[in-house]
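# Close look at the chain arrangement
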Amino acid sequence: MDAARRIGAVLAAARPQALAALLRYFRDLDLAEEAFQEACLRALKSWPQNGPPRDPAAWLIFVGRNVALDGVRRQAKQTALPPEDVLSDTGDAEAEAAARLDGAHYRDDVLRLLFICCHPELPATQQVALALRIVSGLSVGQIARAFVVSEAAMEQRLTRAKARIARAQAGEGGVPFEPPGPVERAERLGAVAAMLYLVFNEGYSAAGDATAARDPLCEEAIRLARLLLRLFPSEPEIMGLTALMLLQHARAPARFTADGTVILLENQNRALWNRAMIGEGLALLDKAMRHRRPGAYQVQAAIAALHARAATAEDTDWAQIDLLYGTLEIMTPSPVVTLNRAVAISKLRGPEAALAMVEPLGERLSDYFHYHGLRGALLMQLGRKAEARAGFMAAISLATTPAEAAHIRSHLDALA
Amino acid sequence: MFYALLCYHREDVVCGWTKEEDDAVMTRLGVVHERLAAAGKLGPAARLLPTTAATTLRKDQDPPLILDGPFAETKEQLLGFYVLDCENLEEALDIARQLGVANPGGCYEVRPVGLFLDGGARA
């Protein structure tokens, strides 16, 4: 790696801490981002000569704060800039700044930053977009591509999200800048975890042509989850969430054909699964289970782990998966969980038993692609062709990606 | 004489590499590994999973204290390491306990190995 790319990696790694601290000083997202950008520019000038500082985040915070304060003063008073060497000569001050920034400070800052993106007034898609922009530092263009919208539309969406946060801060129910207490912290951690899983699913649910564009979203969600886990090393649900994402993303190389068609789990070439990711996911899940504090992410990770551990589709421990879905139904009851459980039931007790479980969900899942897809597949297995065709037609009209539609079309072809 | 070479780096930087950057590093290392193996100088080598996957067993008390996270007490120095083939974390911790009985004080950090090269060199 050449010097510029190495510095780029250091800057990216320091971003959450540095930006979060700058936000604490300025309480303004735009100002904090500008200050961070300016500090990065100075780092690119200064670090190749002097080498990166011992604590890059502290350096960026110190320089960013000075530059931004200076800009604010200049605007206010129209006074002259101090000489460049005063700003660049941060040798001693850098160590001092680093000493002031202990781990606890970083932790609350980054959490606050993640939490601002989880503002309850924002719709989920805006939370995800904002997190990618603010925490991960993806460009507006990159985010727009991931969401398959125009850059102008995404720019507008982000501006609206920031404005809404600014309004909320000014009025009631604003995002608090005070470090959260233990109870509040636990609550926020749940919101942050949910936001990370949204980022992940935004990438995971993409298919075909969009896969390459969205894979980085999955990787970014995993990177942030690892960061969160480093801040909260003993939270079993954060371990579970990280494990879940690793175990699911490990299958990425096997999930689609070259032309973007879905390959079902049971037909995937397991040799293509990423063994290193599976190893890390299983290790984290092991660690989480030791806490004896089960949660929905841990249970979902345990289901993904059973798939990962099966050498072939036939080796899958469906009885155990059925039990885990049963646990999940108690923890987070939802018709989608029951629908997933029906897949395990179809493997254990056949399509008839599964269909009996699926039918009552029709009212609540009538707009859900996978409901009609699974129902159609079960009817097809039972030889009820006409009903199966009707189910697949309903599914195809609800498909959100070309790959989903193509997959159902292949079933319809099989029926013909 | 075997020399152990212990790898240190800033984890936030290494974990921040893109897959391409990581692959490039591993490819370059692979060239050196092959050279060393050909010369019969490569012993066992391992790349550990991130410290977020680490568990530490402190054996300066009875029963030993099990903590999430890596070893982080700078007064204590790394004095050696084992590579163990275990079914799961439970078994690894159990072996650490057995070793801890024979060698009390200090701690063992149990970290899953992400990459293992047997090498083939013999002492």
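Keep in mind that this is a model prediction, so the values were computed, not measured. (Residues numbered from 1 in each chain as written. Chains lettered and ligands numbered in written order. Predicted model: local features only at pLDDT ≥ 70, side-chain atom pairs only at ≥ 80, totals over all residues. Heavy atoms only, no water.)

Glancing now at the overall build of chain B. Of the regular secondary structure elements, chain B holds three helices and five strands. Along its sequence from the N terminus, chain B presents helices and strands in the succession α-α-β-β-β-α-β-β. By its C-alpha atoms, chain B is 45 × 35 × 30 Å across when sized along the principal axes. Considering only contacts within chain B whose residues lie at least 6 apart along the sequence, 68% involve residues at least 24 apart. Of the accessible surface of chain B, which amounts to about 8600 Å², a share of 58% is contributed by carbon and sulfur atoms. On chain B, the mean spot of the 12 positive side-chain charges and the mean spot of the 19 negative ones are 8 Å from each other. (Helix = DSSP H or I, 4+ residues; strand = E, 2+ residues; numbered from the N terminus. Contact = heavy atoms within 4.5 Å. Areas by Shrake-Rupley, 256 points an atom, 1.4 Å probe, with all protein chains shown as cover. Lys, Arg positive; Asp, Glu negative; His and termini not counted. Charge placed at Lys NZ, Arg CZ, Asp CG, Glu CD.)

Per the secondary structure count, chain A includes 20 helices and zero strands. Partitioning the contacts of chain A with sequence separation of at least 6, the portion at a separation of at least 24 is 62%. As displayed, chain A has an accessible area near 19200 Å², and 54% of this comes from carbon and sulfur atoms.

The next thing to look at is the packing of aromatic side chains. Residues and elements named next belong to chain A. Within the structure shown, the criterion is met by four aromatic pairs over all chains. Both rings, one in tyrosine 197 and one in phenylalanine 200, keep their centres 6.1 Å apart while their planes meet at 10°; by these two values the pair is stacked. With tyrosine 197 and phenylalanine 200 both in helix α10 (residues 182-204) and three residues apart, the pair spans about one turn of that helix. Across the pair, exposure class does not vary: tyrosine 197 and phenylalanine 200 are buried alike. Residues phenylalanine 200 and tyrosine 204 carry aromatic rings whose centres are separated by 5.5 Å and whose planes lie at 20° to one another, so their mutual orientation is stacked. (Phe/Tyr/Trp six-rings, centres within 6.5 Å; stacked < 30°, edge-to-face > 60°. Buried < 20%, exposed > 50% of the residue type's maximum accessible area, 1.4 Å probe, protein only.)

With that out of the way, let us pick up helix α2 (residues 19-38) of chain B. Taking 1.5 Å per residue, 20 residues should reach 28 Å; α2(B) reaches 28 Å between its end C-alpha atoms and fits that length. Of all the positions in α2(B), only B:Glu21, B:Asp22 and B:Val25 are classed as buried. Buried residues along α2(B) cover an arc of 90° about the axis, so they all sit on one side. Residues of α2(B) that are exposed and point over 90 degrees away from its buried face: B:Glu20, B:Thr27, B:Glu34, B:Arg35 and B:Ala38. Buried-residue contacts for α2(B) involve α1 (3-26) of chain A together with β1 (45-48) of chain B. In the segment just after α2(B), B:Gly40 is the residue with positive phi, at about 70°. (Expected span 1.5 Å × (residues − 1). Arc of directions from axis to C-beta.)

Within the structure shown, the criterion is met by 19 salt bridges over all chains. A salt bridge links B:Arg97 to B:Asp94; the nearest nitrogen and oxygen atoms lie 4.0 Å apart. With a gap of three residues between them, B:Arg97 and B:Asp94 both fall in helix α3 (residues 89-102), about one helical turn apart. Among the residues examined, B:Arg97 registers a relative accessible area of 29% and is labelled partly exposed. A network of salt bridges, in which partner residues are shared, links A:Arg15, A:Asp30, A:Glu33, A:Arg133 and A:Lys162. (Salt bridge = Lys/Arg side-chain N within 4 Å of Asp/Glu carboxyl O.)

Right, let's talk about the side chain of A:His307 for a bit. Within the fold, A:His307 resides in helix α14 (residues 296-309). Aside from chain neighbours lying at most four places away, what touches A:His307 is A:Arg251, A:Leu265, A:Arg270, A:Trp273, A:Thr316, A:Trp318 and A:Ile321.

All names here are of chain A. Position of leucine 374 among the secondary structure elements: in helix α18 (residues 369-381). For leucine 374, a relative accessible area of 16% translates into the label buried. When the C-alpha atoms of leucine 374 and valine 358 are compared, they prove to be 8.4 Å apart, with 16 residues separating the residues in sequence. Dropping the residues within four chain positions of it, leucine 374 is found in contact with Leu339, Ala342, Val343 and Val358.

Further remarks concern the sheet that holds strand β2 (residues 55-58) of chain B. Residues and elements named next belong to chain B. In space, the three strands of this open sheet follow the order β3-β2-β4, with antiparallel pairing throughout. At either end of the open sheet lies a strand with only one pairing partner, and these are β3 (65-68) and β4 (107-110). Along the sheet, successive strands turn relative to each other by an average axial angle of 20°, direction set aside. With four bridges connecting them, β2 and β4 associate as antiparallel partners. Its bridge partner lying in β4, threonine 55 is registered against valine 110. (Pairing = 2+ DSSP bridges. Axes fitted to C-alpha atoms, helices over the stretch in contact; angles between N-to-C directions.)

This part is about helix α2 (residues 29-50) of chain A. Residue and element names in this part refer to chain A. Taking 1.5 Å as the rise per residue, α2 with 22 residues should run 32 Å; its terminal C-alpha atoms sit 30 Å apart, in good agreement. The largest bend along α2 reaches roughly 30° and is located at leucine 44, with the proline proline 48 sitting one to four residues downstream. Turning to α2, its buried residues number three or more, namely Leu29, Ala32, Glu33, Ala35, Phe36, Ala39, Cys40, Arg42, Ala43, Ser46 and Trp47. With a side-chain oxygen lying 3.0 Å from the backbone nitrogen of aspartate 30, the N-terminal cap of α2 falls on aspartate 28. Following α2 by one or two positions, glycine 51 adopts a phi angle in the positive range, close to 80°. (Bend = angle between axes of the 7 residues up to and from the residue. Polar contact = N/O pair within 3.5 Å; in protein donor to acceptor, adjacent residues only side chain to side chain.)

Now for the confidence of the model for chain B. All names here are of chain B. On average, residues of chain B score 81 in pLDDT, and 93% of them are at 70 or above. When pLDDT is averaged over each element of chain B, β2 comes out on top at 88 and helix α1 (residues 11-16) at the bottom at 72. Among the scores for the predicted complex, ipTM is 0.73 and pTM is 0.78. (pLDDT = per-residue confidence, 0-100.)

Our next topic: the packing of helix α16 (residues 335-349) of chain A against α18(A). All names here are of chain A. Orientation of α16 relative to α18, taken along the N-to-C sense of each, is 20°, at an axis distance of 11 Å. Classified by the angle between their axes, α16 and α18 sit roughly parallel to one another. Along this stretch, α16 crosses α18, giving a crossing that reads as left-handed. Side by side, α16 and α18 meet where Leu339, Ala342, Val343 and Ser346 of the first sit next to His370, Tyr371, Leu374 and Leu378 of the second. A class-by-class count of the residues in the contact of α16 with α18 yields six nonpolar, two polar and no charged. (Parallel < 35°, antiparallel > 145°, perpendicular 65-115°, else oblique. Left-handed = near helix turned anticlockwise from the far one by under 90°. Nonpolar A, V, L, I, M, F, W, Y, C, P; charged D, E, K, R; others polar.)

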